[in-house]
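# A closer look at the structure
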Amino acid sequence: MKASGRRDLQIKRVSSRKRSREEPRTHLTPVRKRGGATCPQKCKDWRLSSVMAEYCSDSEDLFGDYDSILEDSSLLERLDAAEQNERRRDDDRSDFTALRARQTREDVLTDSILDVLTDEPFEEFQERVDGAAKRSRLQDGDKTSTPLRDIEDKSRARRSVTEEMKRTMLSNAAAPSSVSRSVGLKEAVVSEEISVALQAMEEVCAETTDLGPFYGLPTKVKELMFTLRGIKDLYDWQETCLNLDCVQQRKNLIYSLPTSGGKTLVAEILVLRELLCRRKDCLFVLPYISLVQEKVRGLASFGLELDFMVEEYAGSKGRFPPVRRRNNRSVYVATIEKAHSLVNSLIETGRMDDLGLVVVDELHMLGDGSRGAIIEMTLAKVLYTTKSTQIIGMTATLGNIKDLQMFLRAENYTNDFRPVQLKEYVKLNDTIYEVDPKEEECFKFSRLLNFKYSSSMQKVDPDHIIALVTEVIPAHSCLVFCPTKKNCENVVGMICKYLKEEFLHLRKEEKAVLLRELKASGNGSMCPVLRRTVPYGLAYHHSGLTSEERKLVEEAYSNGVLCLLTCTSTLAAGINLPARRVILRSPFVASDFLKRSQYKQMVGRAGRAGIDVAGESVLILQDKDRHMITSTVDQVRDFLCGTLLSVQQQHLCAETSLTEAVQQSVDLLKDKDLITVTAQSLQVTKLGRATFKGSVDLTYSDVLYKDLSKGLEGLLLNSCLHLVYLVTPYDMITQCRPDWMVFFRQFTLLTAAEQKMSAAVGVPESFIARKAAGQTVRKTVNMEVVGRMYLALVLFSLLKETNLWSVADRFQLSRGFIQSLLSSSSAFCSCVLHFTEELEELWPFRALLTELTRRLSYCVTSELIPLMEVSGVMESRAKQLYNAGYRTLTHLANADPSVLCDTIENLFKKRANQIVASAKMLLNERASALQEEADELLMKPSDQPTEARRLA
């Protein structure tokens, strides 16, 4: 326990027998709430012949007599003893002045100790002392006394036993301390509560649910939830879920609720319980980098208050293996790909038992192509290598829940709770139908659109989008999901043309601030569409925007400065941006028909808790759409038996058995020289280990090795072009076709050495010149190498200028694509770095790629990089901070949020607090890592030679 000034206090831990219910409870007494799991309503089968069939399928108190350290009965016993000692003392015959000074000093001490201790233990005692003093005055009332005698009597009364005890207790607290005594007491209480909860978890039967004041956590966590999140009470379903037997017994769990139902809070409470009570690390898996960064910012303040680390694993960030900490636990917040690399690293270093909990958000992404396969591999490895790691999966929509339960060996909890009611509609021509599963045809007529369209307006807006949005904006918010990025921009521009002038006057000053920030984020450049639409309170949101532009748009929408966003489906799976009405422009995502899970995620954005009493969704259909919606090798085999593939093999491997699939995979790995096979034994080659350590896609591992080996023969080091080419992602080559005139123009700007390097990899000047002139090229050239070289030129230009807008304009590419290329390259560069660490012949790349990874990660001038490492700080904000004198991580970590708000333009208090907390967490993480390294160096080796060994 932290015991600043607490040397005389004892912690009393009595037996765990049940406490009488008649005894008074203190504010620290845990109150158990055991709610029975409610049986979720099953969605009735809908008999559909038209729209929406695909979318609407669907006992003991462990604390016993423990109240708190402040109610220890030994405290009162020592007070009585102090009173007797006081009475036995000789009368103090000091003069009046000295006596008065002493009284004054005692008054100050009395006030200070009352600030430290709670009132409860002393109230009864004070009454008893005051009563005794009063009786003494009544008995001596007939006696005469000199003024000095009166003063001494008053002094004796003042110098009561309470004050004497307080003065005694203050002896230890008088020493200088950087922490107040009240804070020390609170920390002592928290430590005791964690100790009790931990002991209970280890010693008491698993069925018990009451492990602490706040769902197995100390009271301080509840206070932080209210202070940092504004959360005072949990929803009923959240209490039920946290009290499920499978949760208390640490079994795996999948729980699904509609979007905005509060799923994440349950996972965060379980993460905190694992970190604080079981002292185990946790892994929180999220689908996108932006979500990882948001979660890191959200947990950083909890980490600082509760003494655990929050580590970001996204893009190029993250240590492999992670730092092994003796005194602190860590929560790793990771993207899908980084989570897989992290698990691989923990397996290799034999540290999987340190990982107590894995939380996977958006679990339904298991069905999303290659990323789904990575999630499956990660979870399968966790299941196979450790039996003590709990897995929690969260999702808004799940169709094949039984298969996933079998795969994860998990329980399932489902609830249809939404804090705001959702009403779903379908629009066909000018008629609105309400989706109602009770109806025979699934629909019932709702209303006709009442909006006067001119003939010209009807041609521009045949789907009546303007009518639908103007019913809700600007008083309420609206999201319009469009099938393509270009359609987003077209639709928002069209809406602006027909809005009234009054839209321009709403929150005019705040819109002006947003426009200035957008311009600053582009180094003076701004998207013409946003320049035209933002004054009306409208904007678009898709991957074509830079991350800083998206963040500015999201914040403006959340604050009500923008009332409408046109967006693509990616926003539905991203950060929480709710709306009063959600409109689906089409039942398509690009050219693919909308999946049920995508539909549910989109419409789930409708309804804002605490703001709206209801949410609405409208799916716009054409007549042509209505009919489309109606309807060792043995060890490897053992491992695959624990995957989702084995659960679904009858559907996915109808023509091939699981054994044959395993053999095909082994043959593929052997052909790529990743493993060797002797009899029934499989051995990983050096290349295989490098591929594993770097998390390199098996498709490209052999190609990468050849490219790196060839690069060593003539590595160009007078510029970074050669290195940039080697870390340009293979999987982005097909996403961009070279503009030959642009290619030739940029090629001619290269130095002679750089042009020679291009020819060496297979892209000579003659080839580019002929393509630019439109001539036929007879010589065979590898077009994948050409495409990769073109992308490398884009990255090379970006690193030299650090101006994304000008590079986008020069290469005629969207700034969103270029930023995606930059992000993918930084992540791939990190993978290549780990790849080369396992292959001795590639040693020159290790030092070179370390610095390149940093440059690609931020793509800013070197002085801004330390500030950009703080989660949530973008380039324009980093420039503001740097210019204001906050030039290092230490500056930010020690900054006063209030001063930051006053110094930095358009920085709100909440964001300033997050920036300071994130900087402190990053600084603590680095300091802790250095301390762990120092401790490791100073530790005596376990195999240290001894005299006995030497003689032996």
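Residues numbered from 1 in each chain as written. Predicted model: local features only at pLDDT ≥ 70, side-chain atom pairs only at ≥ 80, totals over all residues. Heavy atoms only, no water.

## Here's the deal with the sheet that holds strand β1 (residues 252-256)
Strands sit in the order β3-β4-β2-β5-β6-β1-β7 across an open sheet of 7 strands; the sheet is parallel. The sheet terminates laterally at β3 (309-313) and β7 (410-414), the two strands that pair on one side only. When the angles between neighbouring strand axes are averaged without regard to direction, this sheet yields 15 degrees. The pairing of strand β5 (residues 355-360) with strand β6 (residues 390-395) spans 4 bridges and is classified as parallel. Note that in β6 the partner of Val358 across the bridge is Ile391. Each of β1, β2 (281-285), β4 (330-334), β5 and β6 touches helix α10 (residues 263-276); the most contacted strand, β2, lies at about 160 degrees to it. (Pairing = 2+ DSSP bridges. Helix = DSSP H or I, 4+ residues; strand = E, 2+ residues; numbered from the N terminus. Axes fitted to C-alpha atoms, helices over the stretch in contact; angles between N-to-C directions. Contact = heavy atoms within 4.5 Å.)

## Brief notes about unusual backbone geometry
The omega angle of the peptide bond from Phe320 to Pro321 is -10 degrees, so this bond is cis rather than trans. Relative to the elements of secondary structure, Pro321 occurs in the loop between β3 and β4. The omega angle of the peptide bond from Ile473 to Pro474 is 5 degrees, so this bond is cis rather than trans. Its location among the elements puts Pro474 in the loop between α16 (465-470) and β11 (478-481). The phi torsion at Asn523 lies on the positive side, around 55 degrees, for a residue other than glycine. Examined against the element boundaries, Asn523 turns out to sit in the loop between α19 (508-521) and α20 (528-533). Positive phi, close to 50 degrees, is recorded for Cys859, a residue that is not glycine. On the secondary structure map, Cys859 appears in the loop between α36 (844-858) and α37 (865-868).

## Focus on the sheet that holds strand β9 (residues 431-435)
Read across the sheet, 8 strands follow the order β10-β9-β8-β17-β14-β11-β13-β12 without closing on themselves; strand pairing throughout is mixed. Of all strands in the sheet, those with a lone pairing partner are β10 (443-448) and β12 (538-541), marking the two edges. Each strand axis lies, on average, 25 degrees off the axis of its neighbour in the sheet, ignoring direction. Pairing of β11 with strand β13 (residues 564-567), which is carried by 4 bridges, proceeds in the parallel orientation. Bridge assignment links Cys478 to a residue of β13, and that residue is Leu564.

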